[in-house]
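Here are the chains, one letter per residue:
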Amino acid sequence: MRTKILQSLARLHADHPWKMLGIGLFVTIILGVFASQLKQTVRWSDLLPAKDRRTIEYNKVIDDFVSATSIVVVVQGEEERIKAFAEEVVPLIEAAADPKEGELYIKRIDYKLETGFLKDHGLMLTKADDLKNMKDVFENPNLVPLLENINKGLEKEYVGRGESISTREKEDNAVRFLDGLENLVKTMRGSVAEAPITKAKAQEAVDRLLFGGPYMLSYDKKALILNLIPNFNMTEMEKVVSSTEAIQKVIDSTLKGYPDVQAGLTGMIPLAHDEEIYALKSMGHTTIIAFVAIFILLVFSFRMWVAPLLALLNLLMGIIWAMGLTTLLVGELNLMTSGMAAILIGLGIDFSIHIISIFAEGRSLGKPIEIAMEETFLKSGMGILIGGLTTCAVFFTMLISSSRGMKEMGLVTGSGLLAVLIVTFLSLPSLLCLRERRLERRRQKKGLQKVMKDISFKSFGAVTSFLSRRYIATIISSIVVTVLLVVSALQISFDQNMMNMEAKGLTSIALQDTVLNKFDLSMDYALILADRVGESRSLAQKAKNLSSVAMVDDISLYLPSEEQQRRRTPYLNEIRKAILASNLNNDFGPNDLNELVKELKRLQMNIMELQDMAFLGGQDKVESKCSELVGKPDEPEPKSTISELIHLLEGNRKIATVGLKRFQKEFAPYFKESVLRMSSAQMISLRDLPTSILDRYANQARSQFLVAVFPAGNIWQDKGYLERFVSDLEKVSRKATGMAPVMKALFDVVAKDGKKAVMLSIAVIFMLLWLDFRKLGYALLAMIPLTAGAFWMVGVMKLVGMQLTVMNIMGLPMIIGIGIDDGVHIIHRWRIEGRGMVKKIFASTGKAILLTSITTMLAFGSLIFSVWRGFASLGGAMFIGVGTCFLSTVIILSGIIGLLERKRGNSK
């Protein structure tokens, strides 16, 4: 039955090549229309199961919270220069608009603190314990009593109390307060050593002391962040690309006036832009490399250029079919499936090589076109069909995965390879027949005879014949190699660093490290949705208590509970009463100068004690800020900002008195006015919050609130930290999402489903082989080199320093489908040729499997040159896997066939 079908198909191609080709072209045009509509998505969350709770929550955050998908501009340079750059570039970015729709890309740019809100409610946002210890600071605006009160507050709040800076939040508060003190000291020094201090400068000193600096600056003041809130979300891929490029253009243009400043984009949207662009570049580059390399190899191997060109034309038709089917089946490519073109090139060219190899071999021996085509279908048709179907079946086993990424990978590559297989049987033989007829007509016109020649690989046949005759040594060597590589394979590790999957040299990735180093904040934070403000507050508090959490950002920072506000109100009333009762001192005499110097020395001692405490407790940021004020203790002559002021005051008493009098005259009234304003006991409600704060934490309906949880370590590079961080998050809320929970879930799903897919692939392949060969022994024979080849693959990966990744782990079920082809073709040909024909089998069919293995290795090898390292990881693993499966098939089958033929000979 199978023989008759193959013979009929061969006759159709020989007798009606144009009709067969026309059918293929007609379907290609139709599916080409659908292929042109294929889209691409680059979100890692799209690889998870659609119904996964983390995926659901992540998509909800992306859709409902504009602040969740921001564009971050990181500016680096000296403090004053990066501030000037920010002020110039902000209005230019705000004016950037979509050229098609005219809609502005950016809704708002956050790069300064909400000082207006802080000035109205600053003290109500301060914890009751901190108010109790630091309330003295706010009770008198004049310089001497202010410094005296600051010292009292420091001694109550920090000195001798290590727990006061034990958390990230407390440490940041201490750094902010010390920064304000440093600015106050420098401003007082300026009032003495320089021109009289302006009113604006005095007011800035008050604001810096009470609220901190207005800009979002790093701890070392050499980096600044602009947080751009877009008018779109990440699902609008066209705007993701166009907005990123438009804003980068604005930044590059502005940087021309700031040669000493660096600025670039990071955040979810720029990263999505880079992944989209580089994934597309990878597809284009690797596809071209694969096509060119394969064409050169086939021309060299077949010593002709037209047949290889026809093979690539046939392959191109198949890929168009595959892309069209992908549009119909899933509608878009994801991060895993976007490399399907290179995969299909590597696998699909195999079908063409087997057909061309056998057909060219028959024609080279002078056989008519009809006979050569019939022999081609009989000798290689079933091998191609079974090999192709088993590979497709392996891909389809991925459909059992709960991961959307693996499931779609199996569906689009399985259906795509099936499409290439159908195209190959439908079109390539007709193309070859038409070529041969044209050549025959040319020879007849010129009166030439066809030159008979053997184009098989005789040397390859001789090598395998040698291995087959020495089957004992071949089999023993195979067993030893397999054992050694199995031991190696069992030691391979899994790389959880997703940054190793991204393209090298991406600014968006490099700037994430900059943010981590400069601001001590990971951009791979987790997110939790709360349905009420109270729930948000509760979740934030639970997260803060976790050792794996650095800090938590939620709406409760600006909206304390009613109970918290009631507890703070008495302290606010006390501060308000004291500041109202204070008198503004317009005089500053010698006695005041003496008292000021005394308090400055006291301040210096307090900060030194705080410095020691921070050193012992490992609070590096507090220690560093203290060092700026009082110098480093290990230096022979510490550079101390406070000591410099004391020396200046003591050495220039008259000038100092006049200068500080003028400074106090501008400073004290504004300080009093500010404290009165920020000590308001009015209760804060949700409606009092400005839009910029609400948009940051609440959805548009103000019905859900976002809690951002920042990890205390590097989730990618710190071994075991990702699992600990996600495990801790699960204790806070099962709804936790974000990059860390999403990627941990993806790792778990891929690992679990990868094992299932491998086991199911082996079972499916074995059943197909049993049905094809109709003998259990032949099915087992084909499985032996496949199993060995898979272990060889992982073992060699370990030896060359590779790790398993979320991308190349898919290569394990794929290599099972690919690796079986070689064995199937060899066994089919062995059954046809009979005993004693090992040399002929491997010289002919062996030539085909050698070429298909090399071309497949070239196709996957092209992925190694991909700029996106996820593809490179997959390509490297598959390059090794195809090579090891080819070697295991040739070596092990040569030995086993030699053994079986020897036994059959003895039995006769």
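Residues numbered from 1 in each chain as written. Predicted model: local features only at pLDDT ≥ 70, side-chain atom pairs only at ≥ 80, totals over all residues. Heavy atoms only, no water.

Thoughts on the overall build of the chain
Threshold: Working definition: helices are DSSP H or I runs of at least four residues, strands are E runs of at least two. Numbering for both runs from the N terminus. As a reference, a globule follows 2.2 Å times the number of residues to the power 0.38, and the radius of gyration itself is taken over C-alpha atoms. In this scheme, a residue with accessible area under 20% of its type's maximum is buried, one over 50% is exposed, and one in between is partly exposed, where area comes from a 1.4 Å probe on protein chains only. Contacts are assigned to residue pairs that have any heavy atoms within 4.5 Å of one another. The protein chains shown are the only cover counted for residues, whose accessible areas, like all others here, come from Shrake-Rupley with a 1.4 Å probe. When charges are counted, Lys and Arg are positive and Asp and Glu negative, with His and the chain ends excluded. Note that the charge is assigned to NZ on lysines, CZ on arginines, CG on aspartates and CD on glutamates.
Of the regular secondary structure elements, the chain holds 32 helices and ten strands. Taking 2.2 N^0.38 as the reference for a compact globule, 908 residues should give roughly 29 Å; the C-alpha atoms of the chain span a radius of gyration of 37 Å, well beyond that estimate. Once the C-alpha set of the chain is aligned to its principal axes, its extents read approximately 120 × 60 × 50 Å. Classification of the 908 residues of the chain by burial places 58% in the buried group. Long-range contacts, defined here as pairs at least 24 residues apart, represent 82% of the contacts in the chain between residues at least 6 apart. Only carbon and sulfur atoms are counted for the fraction: they give 58% of the accessible area of the chain, which is about 37300 Å². Treating the 107 positive side-chain charges of the chain as one cloud and the 94 negative ones as another, the clouds have centres 12 Å apart.

Let's talk about the sheet that holds strand 5 (residues 262–266)
Our working rule: At least two DSSP bridges between two strands are needed for those strands to be called paired. Angles here are taken between N-to-C directions and fall from 0 to 180 degrees, while the axes themselves are lines fitted to C-alpha atoms, restricted in helices to the stretch in contact.
Taken in spatial order, the four strands of this open sheet run 3-4-2-5, and their pairing is antiparallel. Only two strands of the sheet have a single partner each, and these edge strands are strand 3 (106–110) and strand 5. Here the strands of the sheet are splayed against their neighbours by 20° on average, with no regard to which way each runs. Here helix 10 (residues 237–255) sits on the sheet in contact with strand 2 (71–76), strand 3, strand 4 (223–230) and strand 5, set at roughly 175° to strand 5. The sheet strands contacting helix 19 (residues 507–519) are strand 2, strand 4 and strand 5, and the helix crosses strand 5 at an angle near 105°.

Observations concerning the packing of helix 12 (residues 306–329) against helix 15 (residues 404–426)
The criterion, for reference: Oblique is the label for any angle not covered by the other classes, which are roughly parallel (under 35 degrees), roughly antiparallel (over 145) and roughly perpendicular (65 to 115). Crossing handedness is read from the near helix: turned anticlockwise from the far helix by less than a right angle, it gives a left-handed crossing, and turned clockwise, a right-handed one. Here the term charged refers only to Asp, Glu, Lys and Arg, the term nonpolar to Ala, Val, Leu, Ile, Met, Phe, Trp, Tyr, Cys and Pro, and the term polar to all other amino acids, Gly among them.
The N-to-C vectors of helix 12 and helix 15 enclose an angle of 140°; their axes lie 8 Å apart at closest approach. One finds that helix 12 runs oblique with respect to helix 15. Judged by the twist between their axes, the crossing of helix 12 over helix 15 is right-handed. Together, Asn-314, Leu-315, Met-317, Gly-318, Ile-319, Trp-321, Ala-322, Leu-325, Thr-326 and Leu-329 of helix 12 and Leu-411, Val-412, Ser-415, Gly-416, Ala-419, Val-420, Ile-422, Val-423, Thr-424 and Leu-426 of helix 15 make up the contact between the two elements. Split into classes, the residues belonging to the contact of helix 12 with helix 15 amount to 14 nonpolar, six polar and no charged.

Considering the packing of helix 24 (residues 641–651) against helix 25 (residues 653–678)
Between helix 24 and helix 25, whose axes approach to 5 Å, the crossing angle comes to 110°. When the axes of helix 24 and helix 25 are compared, the pair comes out roughly perpendicular. Along its contact with helix 24, which presents Leu-649, Glu-650 and Gly-651, the element helix 25 presents Arg-653, Ala-656 and Leu-660. When its residues are assigned to classes, the contact of helix 24 with helix 25 shows three nonpolar, one polar and two charged.

Things to note about unusual backbone geometry
Of note in this structure, Asp-520 is not a glycine but carries a positive phi near 55°. Within the secondary structure layout, Asp-520 lies in the loop between helix 19 and strand 7 (526–530). With a relative accessible area of 32%, Asp-520 lands in the partly exposed category.

Regarding the pattern of salt bridges
Short version of the rule: Note on definitions: salt bridges are taken to be side-chain nitrogens of Lys or Arg within 4 Å of carboxyl oxygens of Asp or Glu.
The full count for this structure, using the stated rule, is 39 salt bridges. A salt bridge links Asp-695 to Arg-702; the nearest nitrogen and oxygen atoms lie 3.1 Å apart. Through salt bridges with shared partners, one network takes in Asp-179, Glu-182, Lys-186, Lys-201, Glu-204, Arg-208, Lys-221, Lys-625 and Glu-628.

Regarding the domain arrangement of the chain
As a reminder, the rule being used: Segment limits for the domains were obtained from an automatic or database-derived domain assignment.
The assigned domain composition of the chain is domain 1 (2–45 + 273–499 + 744–907), domain 2 (71–112 + 223–266) and domain 3 (115–214 + 570–683). Spacing between the C-alpha centres of domain 1 and domain 3 amounts to 74 Å.

Let's talk about the side chain of Asn-497
Along the chain, the position of Asn-497 falls in the loop between helix 18 (471–489) and helix 19. In contact with Asn-497, other than residues within four places in its own chain, are Trp-716 and Gln-717.

Describing the pairing of strand 9 (residues 705–711)
For strand 9, the buried fraction is high: seven of the seven residues fall into the buried class. Alternating residues of strand 9 divide into Phe-705, Val-707, Val-709 and Pro-711 and Leu-706, Ala-708 and Phe-710, and every residue in both groups is buried. Where strand 7 lies against strand 9, five bridges are found, and the strand directions are antiparallel. Bridge pairing links Leu-529 to Leu-706 in strand 9. Sheet topology note: the strand 8 (residues 549–553)/strand 9 ladder contains four bridges and is antiparallel. What sits directly across from Asp-553, in strand 9, is Ala-708.

A word on the sheet that holds strand 10 (residues 737–738)
By definition, the strands of a sheet pair up through backbone hydrogen bonds, in either a parallel or an antiparallel sense. In space, the four strands of this open sheet follow the order 8-9-7-10, with antiparallel pairing throughout. The open sheet has two edge strands, strand 8 and strand 10, and neither has a second partner.

A closer look at the packing of aromatic side chains
To keep it simple, the criterion reads: Stacked, edge-to-face and tilted are the three classes for Phe, Tyr and Trp ring pairs, Trp counted by its six-membered ring, which pair at centre distances within 6.5 Å; planes under 30 degrees apart are stacked, over 60 edge-to-face, the rest tilted. For a Lys NZ or an Arg CZ to count as sitting over a ring, it must be within 6 Å of the ring centre and within 35 degrees of the ring normal.
Evaluation of the coordinates by the stated rule reveals 13 aromatic pairs. Ring centres 5.4 Å apart and planes at 90° place the aromatic pair Phe-85 and Tyr-258 in the edge-to-face group. With Phe-85 in helix 4 (residues 79–94) and Tyr-258 in the loop between helix 10 and strand 5, this pair connects stretches of sequence that are 173 residues apart. In terms of burial, Phe-85 and Tyr-258 fall into one category: buried. Linked through ring pairs, Phe-117, Tyr-558 and Tyr-697 together constitute an aromatic cluster. Here Lys-621 stacks its cationic end above the ring of Tyr-219, 5.2 Å away from the centre of that ring.

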